[in-house]
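What follows is each chain in one-letter form.
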Amino acid sequence: MIQFPALLWDKDPGYFRLKQAIKTVIAILMTLFLVRNEPLFGKLMASLACGFSMQGVNAKKLSWRIAQVICFDVVYFLCFMLGLVVRDAPNLTAVILVILGFTVNYLRQYGLQNSMAPMMAWVLCFFATILPANSSHEVWLHLYALIIGLVVSAAVSIFIFPENYNQLFVDNTNRLLQLLSRGMSEMRYFLVRRPERQGFAKSSLVIFFSSINFCVGSELSL
């Protein structure tokens, strides 16, 4: 019987997508708690900013991850501010959205092919042009909600369920060696045609591969 954790691991090695979904839910709940006394549009803006900024971060090293989170949050904030500035000029708004849409799609070729961050920047700019902001108080409310959402998402992205790519490499190597061991055991059984299966797990070949795996894991941990 196939175990569900093993099946889930095959579909999502390292449980990255599962952890990302859980982190997004946690971040949005924390954001809603912080803006619980704000009006509905404030809660909506904070939740959207938090959920959007949780996506697209794909740096492997912690230092690069922190830099990427800060860079994306600054871009999100500037795009939202740009939307607020041009929202009262319909023609200028259309031009800015077209130019920004072309820019974010063009920038995807620079290492952001699988990142949602460029499109999220455009979406936040678009939201800034359609959200109700009939007074300075509503404008400051949207900015406050945006900042809360970005700060919470940055903290959750960095400190909750941090990705460990070295450990993922070791775990996947162990799974590969286990599959190789079982496969070669089956081959040995059917080719040699022994009446009973041999203890292949204790053979010199498996010990050799295990030694290689241990050495690789030790190097990565250093």
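Scroll up a little and you will see the structure.
I will try to describe carefully the structure that is included in this document. (Residues numbered from 1 in each chain as written. Predicted model: local features only at pLDDT ≥ 70, side-chain atom pairs only at ≥ 80, totals over all residues. Heavy atoms only, no water.)

Across its full length, the protein chain carries nine helices and zero strands. Each helix and strand of the protein chain, ordered N terminal to C terminal, gives the series α-α-α-α-α-α-α-α-α. Counting the 222 residues in the protein chain, one finds 36% classified as buried. Restricting to contacts in the protein chain with at least 6 residues of sequence separation, those with at least 24 account for 71%. About 14100 Å² of surface is accessible on the protein chain, with carbon and sulfur atoms providing 69% of the total. (Helix = DSSP H or I, 4+ residues; strand = E, 2+ residues; numbered from the N terminus. Buried < 20%, exposed > 50% of the residue type's maximum accessible area, 1.4 Å probe, protein only. Contact = heavy atoms within 4.5 Å. Areas by Shrake-Rupley, 256 points an atom, 1.4 Å probe, with all protein chains shown as cover.)

Mapped onto the secondary structure, Arg65 falls in helix α4 (residues 62-86). Here Ser157 takes part through its backbone oxygen, which lies 3.3 Å from a polar atom of the side chain of Arg65. (Polar contact = N/O pair within 3.5 Å; in protein donor to acceptor, adjacent residues only side chain to side chain.)

On to the nonpolar core. Ala27, Met45, Phe52, Tyr76, Phe80, Leu146 and Val152 are the most contacted members of the largest nonpolar core, which totals 36 residues. Mapped onto this core, the elements with two or more residues apiece are α3 (40-53), α4, α5 (90-106), α6 (117-130) and α7 (136-159). The residues touching Val152, leaving out its near neighbours within four places in the chain, are Ala27, Met30, Thr31, Leu34 and Cys50. (Core = buried A, V, L, I, M, F, W, Y, C linked by side-chain atoms within 4.5 Å.)

Attention now goes to the environment of Val98. Tracing the sequence through the fold places Val98 in helix α5. The class of Val98 is exposed, set by a relative accessible area of 60%. Put simply, Val98 and Trp122 are 24 residues apart on the chain and 9.5 Å apart in space, counted from C-alpha to C-alpha.

This part is about the packing of α3 against α6. Where α3 meets α6, the axes come as close as 10 Å, and the angle between the chain directions of the two elements is 170°. When the axis of α3 is compared with that of α6, the two are roughly antiparallel. Relative to α6, the crossing made by α3 is left-handed. Mapping the contact onto sequence places Met45, Leu48, Ala49 and Phe52 in α3 and Met120, Val123, Leu124 and Phe127 in α6. Taken together, the residues that form the contact of α3 with α6 break down as eight nonpolar, no polar and no charged. (Axes fitted to C-alpha atoms, helices over the stretch in contact; angles between N-to-C directions. Parallel < 35°, antiparallel > 145°, perpendicular 65-115°, else oblique. Left-handed = near helix turned anticlockwise from the far one by under 90°. Nonpolar A, V, L, I, M, F, W, Y, C, P; charged D, E, K, R; others polar.)

What follows covers the packing of α4 against α6. Between α4 and α6, the shortest axis-to-axis distance is 7 Å and the interhelical angle comes to 30°. Of the possible angle classes, the one that applies to α4 and α6 is roughly parallel. The crossing of α4 and α6 is right-handed. Contacts between α4 and α6 involve Phe72, Val75, Tyr76, Cys79, Phe80, Gly83 and Leu84 from the first element and Ala117, Met120, Ala121, Leu124, Cys125, Ala128 and Thr129 from the second. For the contact of α4 with α6, the per-class residue count stands at twelve nonpolar, two polar and no charged.

Let's shift gears to the side chain of Asp73. Position of Asp73 relative to the elements: it lies in helix α4. It turns out Asp73 is buried and unbridged, and the closest side chain with the opposite charge, Arg65, is 11 Å from it. In this structure Asp73 touches Ser53, Leu150 and Ala154, once residues within four positions along its chain are discounted. (Lys, Arg positive; Asp, Glu negative; His and termini not counted. Salt bridge = Lys/Arg side-chain N within 4 Å of Asp/Glu carboxyl O.)

As for its placement among the helices and strands, Val139 is situated in helix α7. In this structure, the C-alpha to C-alpha distance between Val139 and Ala128, residues eleven residues apart in sequence, is 9.4 Å.

A cluster of nonpolar residues, Leu62, Ile66, Ile70, Val74 and Leu78, forms a patch on the protein surface that exposes about 440 Å² of accessible area. Along the chain, Ile66 falls in helix α4. With relative accessibility at 31%, the residue Ile66 sits in the partly exposed group. (Patch = residues over 30% accessible without salt bridge, like charges linked within 9 Å, V, L, I, M, F, W, Y side chains within 5 Å.)

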